[in-house]
Amino acid sequence: MARFAVRRLASMVAVMFAISILTFLLFQVLPNSDPSTRLAGRTASPTQIAKIRSDWGFDKPIYVQYIKTMGKILNGTVTSYQQQLPVEDQIRQDLPTTLSLAIGAGVIWLALGILFGVLSAWRAGRWLDRGLTVLSLVGVSMPVFFLGAVLSYYIGDKARILPAGDYVALTSDPWQWFKHMLMPWFALSVLFIGVYSRILRSTILDTINDDYVRTARAKGLSERQVMIRHVLRNSLIPIVSLWGLDFASVLGGGAILTETVFNLHGVGQYAAQSVEGLDIPPVLVITMFGAFAVVLLSAVVDIVYAALDPRIRL
Amino acid sequence: MSPGAHLLEVSNLKVSFQTEEGVVRAVDGVSFALEQGEVVAIVGESGSGKSVTAMTLLGLTRSPNASFEGSAQLEGKELITASEEQLREIRGGEIAMIFQDPMSSLDPVYRIGSQIVEQIVAHDFQVSKSEAMERAIALMDRVGIPRARERVRSYPHEFSGGMRQRVMIAMALSCSPKVLIADEPTTALDVTIQAQILDELRTLRKETDAGIILVTHDLGVVADIADRIVVMYAGRVVEQGTLDEIFYNPQHPYTWGLLGSITRVDRDTTGLLPSIPGTPPSLVSPPAGCHFRPRCPHAFDRCTDVPALEAHLPETPQHVDRCWLSAMQKRDLRQVGDRIGLAADEPVIA
Amino acid sequence: MSVASAAGASAASAPTPLLEVDHVKVYFPIKSGLLIDRTVGRVHAVDDVTLTLYEGETLGIVGESGCGKTTLIRTLIRLLAPTEGTIRFRGSDITSARRKQLTPVRQQMQMVFQDPQASLNPRKRVAQILATPLILKGVARRDVEPRVRELLKRVGLHPEHLNRFPHEFSGGQRQRIGIARALAVEPRLILLDEPVSALDVSIQAQVINLLEELQQQFGLSYLFVAHDLSVVRHVSDRIAVMYLGKVMELSRSQELYAKPHHPYTAALLSAIPIPDPRENRAREREVVGGEPPSAIDPPSGCRFHTRCPRATDICRSIEPPLTEYANGQLAACHHPLNVGADELRTASRSETSPHSAGQELPEAEPVTAS
């Protein structure tokens, strides 16, 4: 366990360092990425630009700029170039939205993915299975921006069953929060539900033929006990680990499209805006945050995996 | 003999599976009986239907594609048409099974103890969890697992193959079954461990008086432990008799071939083994008549009809076989040099 | 097998060594550490093994799982690199030969694997599988197909099956294809790793017969690795018994059953049920308890002492050397079975003993012929 913790911590530091350098360098080589011209505004004179350049330190060597920026990020004082607001405040403000979206969608896609996967495997080859297969294919091939737009137009704007977008804080009005999040959750989950139910279906059908399932039957367990205790218990192991990684990627920016379609000011949208404005500090912070989420959750996944499968040792 | 006189009586059992290639007749008319305290070995190669026969007794081959005919009765109780709930009670209760591969036959995610307890609880609703665990420990102790009290908390992967097979035996014993089916119980194990497990089965048979059905391809194991032998080929029983009858007075050419094919550690068998030419037939479209006909060097025109499984030797009425050759012919034909075998006079083209 | 009956230890005909394994060790490091891996232990898979395989001979290697027989065979064909020791093929050292130098060696030394299903590329037709080694060997294009047909016929398959895929064959037929592939380059030596253990009895016999015929026809040498002692006995001229990475006993196959010197060999033999009910009943059998210990931390002294019914203090402290007896039989045991006082007097420490073995030869003691 100590070995696991130390190694994960080390790899986390290494990944975040590598990601930050890559991101930083990427913005140096992008055309038109000099922030001083944008900071100075449209009508700035060369002297103004030069002044900004030396004030902000853009004339220093890259590594000095990198170290300074990273220093600011680490002590939480970094500000964005565009609005010149503290990045930390902005993220703190956007994070609840993204978390609401990711956690809710994660729960939904896990639950429905398992449900459909089990139903599909249980009725393998029959009507229900075929129906679910088609449905999951549709779900997998439906782009979020399209599904989101359709949902928000028909259910939101036209039928007015649910609000078509925007975020209401959970703390201010839980019911409204729930109603506002329902469509984004759904839009974000559909792809994953399709994938998860397919994977679970095939894992279950493989597991059913495993020798220990035959043993379980030969022991005189009821079909229900065999299915739940032995087949499902073993089939869920890969699903759970998959979920951790998908959840991390949604948290780290995978929900940008959903946030945009439903006008949710989350971290994803903040990232999108910052990239658009070639605004290095927030992009750096967000990519590092995403990397952090992925590394952390993959460690959690490994711990959960080891708990689920005693053959795995950390 | 009236039905119910035997512990287990299988008569004219047929199992077929609907597949994409056609109907596979995996078991095509199998009959045998098992008495208390007796070991009956079902011998055959892959595809002979020996495992399907064994698993069908427990209803483990039931599926939408499978169809069954004939009967199998445990003390007069019909198994083939039994309801799922009746079967559930019989499985692990009255008939227990040990499988070939102990490495994969235990669920990797549960502790050894709780897997045994699971079976005890499934058949005894009165027993408490802790009583069941005590019984599990006693069982593990009995089948020779050292430090059973500690090791109930181990997971299967922490056990060696031999120890896992002991766990399977302990599990099978947990509800004092009347019949124990062992499907290639030692095939996956090393020889010294195999000897230990066979010893275990011998002790168990003495102590419990259960009837044991041993499914195997290994004639050494059979010679070591069986009382009677059922030889199967391509879904049919081709010969059935006592251990000595089959080994020293085999009546069916396939049995000769099997006996001739084996190498012996205690004999010098230099030169070519009298092997059986060709390969077993497809079970979708088996040859008409005797299924062994295409591989049999002694086949003649009558072999296109299916011979009945009947006794041909008046002195041993329980020794039956499916072959048209006369007993006299058989005695001559089966001799290949100084041993019994299938004389193949032409080079083998598979 | 008949060709090499002279290949034992008789000096008269002076058999030519084909493959020499000289004090070969293969250790697998076990790595662990907080941040950076250190080697914390080693699996002693093959631990100082010396064997010689002569031209035209079949040398059998038997042992239970984990005894190192598969690791050894893989090292010989240099799929694995030995940790220590030398391997010589026809006199030249191939221990650290590079890929290029190995190519000609590998043409003369082929391997047949246990699982014919897994060792044939499922996406290639038999014709391609067999043509590849021929083309690599430099056979002219137009000669390839006739050669492939000939090979198929030679291993007892219909030449018309040329265009089939491996899955269209039965297990026994696939093993025949594996053998044909090994034969394609006209090797001198074939390493057989459990070649028949995945097959049914009747098919086993067919494949064993085929191997014997091929050996006679082409003067092949075999290294036959298997766990089934009765099969190994049938095909081999000499048999090496391995336990936990070491050679325990090496003897001519006729003598192994009649006169096993090592208690482990005796245990193996007595564990094998004989397919003959009367003899099986008549025979006294001693079932050895316990299971092989871990090869990571093998027992001191003799590796078998933890399970051996004859073990004494010396067995726990000093590793017995491979002792050579009058008939050329080797056994690494302080308390050998079936050895008379005369034989003990003339016994000597074999050169092939592991370096770590002691000097002590077994002493005369009241030995009951058990």
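Keep in mind that this is a model prediction, so the values were computed, not measured.

**Student:** Where do I start with the domain arrangement of chain C in this structure?
**Tutor:** Accessible area lost during the coming together of the parts is what is often quoted as the interface size. Residue and element names in this part refer to chain C. Domain parsing of chain C yields domain 1 (14-258) and domain 2 (284-291 + 299-353). Once you take the C-alpha centre of each, domain 1 and domain 2 turn out to be 29 Å apart. Note on domain 1 versus domain 2: buried area summed over both sides is about 1300 Å², and carbon and sulfur give 47% of it. Where domain 1 touches domain 2, the interface holds three salt bridges. We note a salt bridge from glutamate 319 to lysine 246, for which the minimum N-O separation is 3.0 Å. Our count for the domain 1 to domain 2 interface comes out at nine residue pairs in polar contact (both at pLDDT 80 or more). Listed by contribution, the elements that provide at least two residues to the side of domain 1 that touches domain 2 are strand 2 (38-54), strand 10 (246-252) and helix 8 (253-258). Considering each element in turn, the side of domain 1 that touches domain 2 owes the most residues, seven residues, to strand 10.

**Student:** Explain the interface of chain C and chain A here, please?
**Tutor:** Tallying the contact residues gives seven residues for chain C and five residues for chain A. Here chain C and chain A share an interface that buries about 440 Å² over both sides, 54% of which is from carbon and sulfur atoms. Inspection of the chain C/chain A interface yields two salt bridges. Notably, a salt bridge pairs A:Arg7 with C:Asp37, separated by 2.6 Å at the nearest N-O pair.

**Student:** So what exactly am I meant to see when it comes to the interface of chain C and chain B here?
**Tutor:** Between chain C and chain B, the contact holds 46 residues from the first and 46 residues from the second. Summed over both partners, the interface of chain C with chain B buries about 4200 Å², with 54% contributed by carbon and sulfur atoms. For chain C, the biggest contributors to the area lost against chain B are C:Val201, C:Pro275 and C:Glu291; these three give 15% of the whole. At the boundary of chain C with chain B, the tally comes to six salt bridges. Counting across the chain C and chain B interface gives 23 residue pairs in polar contact (both at pLDDT 80 or more). Per-element tally for the side of chain C that touches chain B: the top contributor is helix 6 (residues 201-218) of chain C, with nine residues. Per-class residue counts for the side of chain C that touches chain B are 19 nonpolar, 14 polar and 13 charged.

**Student:** Can you walk me through the pairing of strand 9 (residues 228-233) of chain B in this structure?
**Tutor:** Moving residue by residue along a regular strand, the side chains alternate between the two faces of the sheet. Residues and elements named next belong to chain B. Most of strand 9 is tucked away, with six of its six residues classed as buried. Covered by surrounding structure in strand 9 are Arg228, Val230 and Met232 together with Ile229, Val231 and Tyr233, the residues of both alternating faces. Pairing geometry for strand 3 (residues 39-43) and strand 9, over four bridges, is parallel. Note on strand 9: the bridge partner recorded for valine 43 is valine 231. When strand 9 meets strand 10 (residues 236-242), the two strands line up antiparallel, connected through six bridges. Bridge pairing links tyrosine 233 to arginine 236 in strand 10. Where strand 9 folds back onto strand 10 in an antiparallel hairpin, the turn is made up of two residues, including alanine 234, whose phi is positive at roughly 45°.

**Student:** Would you take a moment to explain helix 3 (residues 112-123) of chain B for this structure?
**Tutor:** What sets the pattern is the α-helix's 3.6 residues per turn: residues three or four places apart point alike. Here helix 3 of chain B lies mainly inside the structure; nine of its 12 residues are buried. All buried positions along helix 3 of chain B are accounted for by B:Ile112, B:Gly113, B:Gln115, B:Ile116, B:Val117, B:Glu118, B:Gln119, B:Ile120 and B:Ala122. Packing partners of the buried residues in helix 3 of chain B comprise helix 10 (223-254) of chain A together with helix 2 (84-90), helix 4 (129-142), helix 5 (148-151) and helix 6 (161-173) of chain B.

**Student:** How do you make sense of the environment of A:Ile204 when you look at a structure like this?
**Tutor:** Residues and elements named next belong to chain A. By secondary structure assignment, the location of isoleucine 204 is in helix 8 (residues 174-208). For isoleucine 204 and lysine 51, which are 153 residues apart along the polypeptide, the C-alpha to C-alpha distance reads 66 Å. Ignoring sequence-local partners within four residues, the contact set of isoleucine 204 consists of Gly117, Val118, Ala121, Val231, Leu232 and Ser235.

**Student:** I keep staring at the sheet that holds strand 10 of chain C and nothing clicks. Help me out?
**Tutor:** Residue and element names in this part refer to chain C. Pairing is mixed across the open sheet formed by nine strands, whose spatial order is 6-7-8-3-9-10-12-11-13. If you trace the sheet from one side to the other, it starts and ends with strand 6 (109-112) and strand 13 (348-349), each paired once. Relative to strand 7 (residues 189-193), strand 6 runs parallel, the two sharing four bridges. Paired with methionine 109 across the strands is leucine 189, a residue of strand 7.

**Student:** Can you help me understand the sheet that holds strand 7 (residues 179-183) of chain B in this one?
**Tutor:** Either a parallel or an antiparallel arrangement is found when strands of a sheet pair, and the pairing is made through backbone hydrogen bonds. Residue and element names in this part refer to chain B. Strand order in the open sheet made by the eight strands is 6-7-8-3-9-10-12-11, with mixed pairing throughout. Of all strands in the sheet, those with a lone pairing partner are strand 6 (95-98) and strand 11 (310-311), marking the two edges. Here strand 7 runs beside strand 8 (residues 211-216); their pairing, made up of five bridges, is parallel. If you follow valine 179 over to strand 8, its bridge partner there is glycine 211. Seen against the sheet, helix 10 (residues 253-261) touches strand 3, strand 9 and strand 10 and runs at an angle of roughly 105° to strand 9.

**Student:** Honestly, the packing of aromatic side chains in this entry has me stumped. Any pointers?
**Tutor:** Given two aromatic rings, their pairing is described by the distance between the two centres and the angle made by the two planes. Residue and element names in this part refer to chain A. By the definition in use, this model includes 19 aromatic pairs over all chains. Relative to tyrosine 66, the ring of phenylalanine 17 has its centre 6.5 Å away and its plane inclined at 75°; by these criteria the two rings are edge-to-face. On the criterion of sequence distance, the pair formed by phenylalanine 17 in helix 1 (residues 2-29) and tyrosine 66 in helix 4 (residues 62-75) is long-range, its members being 49 residues apart. Taking 5.7 Å as the distance between ring centres and 70° as the angle between the ring planes, the aromatic pair formed by phenylalanine 178 and tryptophan 185 counts as edge-to-face. Judged by relative accessible area, phenylalanine 178 falls into the partly exposed class, the value being 32%.

**Student:** Explain the state of the cysteines here, please?
**Tutor:** Note on terminology: a disulfide is the covalent bond linking the sulfur atoms of two cysteines. Residue and element names in this part refer to chain C. Considering all chains together, one arrives at zero disulfides over all chains under this definition. Among the cysteines around cysteine 315, which has no disulfide bond, cysteine 302 carries the closest sulfur, lying 6.1 Å off. Residue class for cysteine 315 comes out buried when judged on its relative accessible area of 7%.

**Student:** Which parts of the structure should I look at to understand the packing of helix 9 (residues 211-218) of chain A against helix 10 of chain A?
**Tutor:** When two helices pack together, their arrangement is given by the angle between the helix axes and the distance between those axes. All names here are of chain A. Packing of helix 9 against helix 10 brings their axes to within 10 Å, and their N-to-C directions diverge by 160°. Here helix 9 is positioned roughly antiparallel relative to helix 10, judged by the angle of their axes. The element helix 9 and its partner helix 10 pack so that their crossing is right-handed. Contacts from Tyr212, Val213, Ala216 and Arg217 in helix 9 reach Glu223, Val226, His230, Val231 and Asn234 in helix 10. In terms of residue class, the contact of helix 9 with helix 10 is built from five nonpolar, two polar and two charged.

**Student:** Help me understand the environment of B:Leu173 in this model?
**Tutor:** Residue and element names in this part refer to chain B. Examined against the element boundaries, leucine 173 turns out to sit in helix 6. For leucine 173, a relative accessible area of 7% corresponds to the buried category. Sequence separation of leucine 173 and alanine 96 is 77 residues, and the distance between their C-alpha atoms is 7.4 Å. Each residue touching leucine 173, except ones within four places of it in the same chain, is listed here: Leu139, Arg142, Val143, Leu204 and Thr208.

About the criteria used
Residues numbered from 1 in each chain as written. Chains lettered and ligands numbered in written order. Predicted model: local features only at pLDDT ≥ 70, side-chain atom pairs only at ≥ 80, totals over all residues. Heavy atoms only, no water. Domains from an automatic or database assignment. Buried area = accessible area lost by both parts, 1.4 Å probe. Salt bridge = Lys/Arg side-chain N within 4 Å of Asp/Glu carboxyl O. Polar contact = N/O pair within 3.5 Å; in protein donor to acceptor, adjacent residues only side chain to side chain. Helix = DSSP H or I, 4+ residues; strand = E, 2+ residues; numbered from the N terminus. Contact = heavy atoms within 4.5 Å. Nonpolar A, V, L, I, M, F, W, Y, C, P; charged D, E, K, R; others polar. Buried < 20%, exposed > 50% of the residue type's maximum accessible area, 1.4 Å probe, protein only. Pairing = 2+ DSSP bridges. Axes fitted to C-alpha atoms, helices over the stretch in contact; angles between N-to-C directions. Phe/Tyr/Trp six-rings, centres within 6.5 Å; stacked < 30°, edge-to-face > 60°. Disulfide = S-S within 2.5 Å. Parallel < 35°, antiparallel > 145°, perpendicular 65-115°, else oblique. Left-handed = near helix turned anticlockwise from the far one by under 90°.

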